[in-house]
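# Coordinate inspection notes
Chain by chain, the residues:
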Amino acid sequence: MTTPASTPTLRPAQGDASDLAARFPGVVSPDTRPGFSGFTIPADKLVEVATIIRDELGYDLLSSVTGVDYLPENKMEVVYHAYKTTGGPALVFKVQVPRDNPVVASMTPIWKGAEFQEREAWDLLGIKFTGHPDLRRILMWEGFEGHPLRKDWKEAFYEEDAKPFKSRWPDGKHVLAEARNPFSDNLRFPSGFDPEKMTFADPEEALYRSLKKYTFEDADGIQADHIIVNLGPQHPSTHGVFRSAVILDGETVVSLKPVMGYLHRNHDKIGERNTFLQIIPYTDRLDYFCSMTNNHGYVLAVEKLMGIQVAERAEYIRVIMDEITRIQNHLIFFGMLLNDLGAMYTPALYAFEERELILDIFEAAAGSRMMCNYYRFGGVVRDVPAEALQKLRDLVFDRLPGKIDEMERLLTENDVLVSRLKGVGYLSAEDAINTSMTGPMLRASGVPYDIRRADPYSIYDRFDFKVACRPDGDLYARYMVRVDEVRESIKILQQALKQIPEGPTMSVKPQYQVRVPAGEAYGRIESPKGELGYYVISNGKPNPWRYHIRASSFINLTALEMMCKGEKIADFVAILGAIDIVLGELDR
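Residues numbered from 1 in each chain as written. Predicted model: local features only at pLDDT ≥ 70, side-chain atom pairs only at ≥ 80, totals over all residues. Heavy atoms only, no water.

## As for the side chain of Glu526
Within the element layout of this structure, Glu526 appears in strand E14 (residues 519-527). At 3.0 Å, the side chain of Glu526 and the backbone nitrogen of Ile451 are in polar contact. (Helix = DSSP H or I, 4+ residues; strand = E, 2+ residues; numbered from the N terminus. Polar contact = N/O pair within 3.5 Å; in protein donor to acceptor, adjacent residues only side chain to side chain.)

## Here's the deal with the environment of Thr438
With respect to the secondary-structure elements, Thr438 resides in the loop between helix H13 (429-434) and helix H14 (440-443). Spatially, the C-alpha atom of Thr438 lies 9.2 Å from that of Leu61, the residues being 377 residues apart in sequence. With near-sequence residues (within four places) excluded, Thr438 lies in contact with Leu61, Lys529, Gly530, Glu531, Arg550, Ser552 and Asn556. A polar side-chain atom of Thr438 sits 3.5 Å from a polar atom in the side chain of Arg550. (Contact = heavy atoms within 4.5 Å.)

## Re the sheet that holds E14
Sheet architecture is open: three strands sit in the order E14-E15-E16, paired in antiparallel fashion. Two strands in the sheet have a free side with no partner beyond their single neighbour: E14 and strand E16 (544-550). On average, each strand axis in the sheet is inclined to that of its neighbour by 10°, with strand direction left out of account. Where strand E15 (residues 530-538) lies against E16, six bridges are found, and the strand directions are antiparallel. Counted as the bridge partner of Ser538 is Pro544 from E16. (Pairing = 2+ DSSP bridges. Axes fitted to C-alpha atoms, helices over the stretch in contact; angles between N-to-C directions.)

## Things to note about the pattern of salt bridges
Evaluation of the coordinates by the stated rule reveals 45 salt bridges. Two residues, Glu73 and Lys75, come together in a salt bridge whose shortest N-O distance is 3.0 Å. Lys75 gets classed as buried once you look at its relative accessible area, which sits at 16%. Between Arg420 and Asp571 there is a salt bridge whose closest N-O contact spans 4.0 Å. Of the two residues, Arg420 sits in helix H12 (residues 415-421) while Asp571 sits in helix H19 (residues 569-579), which places them 151 residues apart along the sequence. Of the residues examined, Asp571 reaches a relative accessible area of 12% and is grouped as buried. (Salt bridge = Lys/Arg side-chain N within 4 Å of Asp/Glu carboxyl O. Buried < 20%, exposed > 50% of the residue type's maximum accessible area, 1.4 Å probe, protein only.)

## Things to note about helix H3 (residues 115-125)
Extensive coverage of H3 is indicated by the burial of ten of its eleven residues. Of the residues making up H3, those classed as buried are Glu115, Phe116, Gln117, Glu118, Arg119, Glu120, Ala121, Asp123, Leu124 and Leu125. In the segment just after H3, Gly126 is the residue with positive phi, at about 80°.

Quick look at the structure:
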C-alpha cells in the first residue's frame, strides 16, 4: 500500500509566468523568436529575477540548465526550465552573453541543483559561471583542450557538420576518415603540456592526490588524521566506471566528491551530427535498462516542434511500454541494491527472471531486447503482435502481482535490510527540491511530484493511479517508493490493456527524413529514475542545432555528498545504490 505523506513546508506557489514581465517591465522580455518561448533576462539582472522566480512565484524546482552556442550570431545562451512542485508547466527563462566572453552568474546559491549542470556547460561550451563553488571540468579530463560542444570545435576524424555525409550518400564513394587523417595528427593538448610534469591546482589537488593524509586539530587541540580514499572507478559497487573521492575521519564520511566522465562519448555532439530520425537509436544507449522510455522523451520533443498528433493506439502502446519498463527497472533495482548490501545474487536472480519475461515482450514488438529503437514521430514503428499482448496480459494480471508480493515477503521486513536502510542517507524535502532531485529520490523525501500527474503527457491523465510517496527521506523510503511504484504501474497496465483501441500505430506516413520547423521544444517524461528531458532546437534543417539531455542519473548525484556526510563508509555503497544510476545516462 502507498503510504500517504504529509506535504512538506515549501515556498509559496502563487504567481505565474505572466507576473514576471509585469514585475520587471523593460527588463524581462518575452522571447519573440518564431517557435521559441519563455523570457529573456539581462545577465546583470539574472540573480535578482531568479530569486523572485523561486521565492515569490513559487518555481522551487530548477529542472534543467542548457547551454547553447549561437555561432553565427556570436553569442551564447543559457536556458533554464523551472517548475513548481505543486504541478504545472515550466517557466522558461534565458540569458544571452557574448560568445568571446560568456560569463553568467551561477544559480547554485538559489538552486543547488544547478551545480553539476553549470559545470557541464562550462566543460563542454566554455560558459563561465561566477559564484559557482567548484567550477571545473566534469565530463572531460582536466587536461582536455577546448570545449567540444562549441560549433567551431572539430573532433578527431571530423568529416562534416551533419549527416548524411556527402562522401557516403548518394554516391557511396567513401574514404575511411582514419586513412585520410591519421589519428596522431588529431591530438590536441594545452600549450606546454607535459604529462611527466603535470600538476593540478586546488581543488583538484585534494581529489587527485588520493590517499594523501591530512592532519587536523579538533577543538581540544588533539591532532587527528583524515585520509582520502578513492571508491572506484573500477569497482562493482559503483555500477560502472564511476569514482568518488572521500575524506574520512575514521570510518565517518567528512567530505565527498563524485568523479564522472570515464564513459563520456559526447552524446549531445553525436546527436547534433545526426538527422532527427537517426538520433532515436542513440537514445536507447543512454539508460540501457530503459530504452523505451528514452525513446519516448525524445520523440515528444520533436513532435512538439512538428506539431503532430500521435495515433491513438500508439499512445496506449507507449504507456504500456513505459510502464513495463518501469517495472523491470525497479525489479533490477531491488536485486542490485541487495547485491550491494551483500546478499550476493539470490534477489538479483529472482529479479532477472521477471525481467527476462518483460524483455520477451520488447523483442516481440521491437525486434530487440535492450536497444529497442521502437518509437517514431507520430507513433511506434510497428504494432505489438497479438500473441505478445496475450503474454503481457498474463504477466500483468496473473504473474507480476504475485511476484512483487513474493519479493516483499523475502525482503521488506528482513532484519538485515531494515537495519542497513532505516535512518541512513537522510535527505529532507527542502534539500531534495533544492538539489533538483526528481523521480523516486524526490518522492521518497515526502514530495508527491510525479510528471505523469504534475504536468501530464501522452494519455496518462486517463488512468487512475496514485503518486507513490514516502515521508521518511532515508534509504528504506527509497526502496519502499519503488515497491509502491511497481504496484501502481501494474494498475496502469491493467487499465491500458483493457482500454487499448484498434487502429493504426502511426499518425503520419513513415519517412526516412523529416523536416522539423524552426523553434525549440523541451520534451520530458517521468522515467523510472526521474525526470528525463530533451531540449531540442531546430533551425529548419535535417539536423538539430542543439540537442541536450537532462539526465536523471547525472543530476540526482548532486545530493550524494549531502546524503553521505556523517554516515559510515560502509553505508556509501548503499546510498549510491539507492540513487539508481546508470553510467550510460550519467556520462552520455
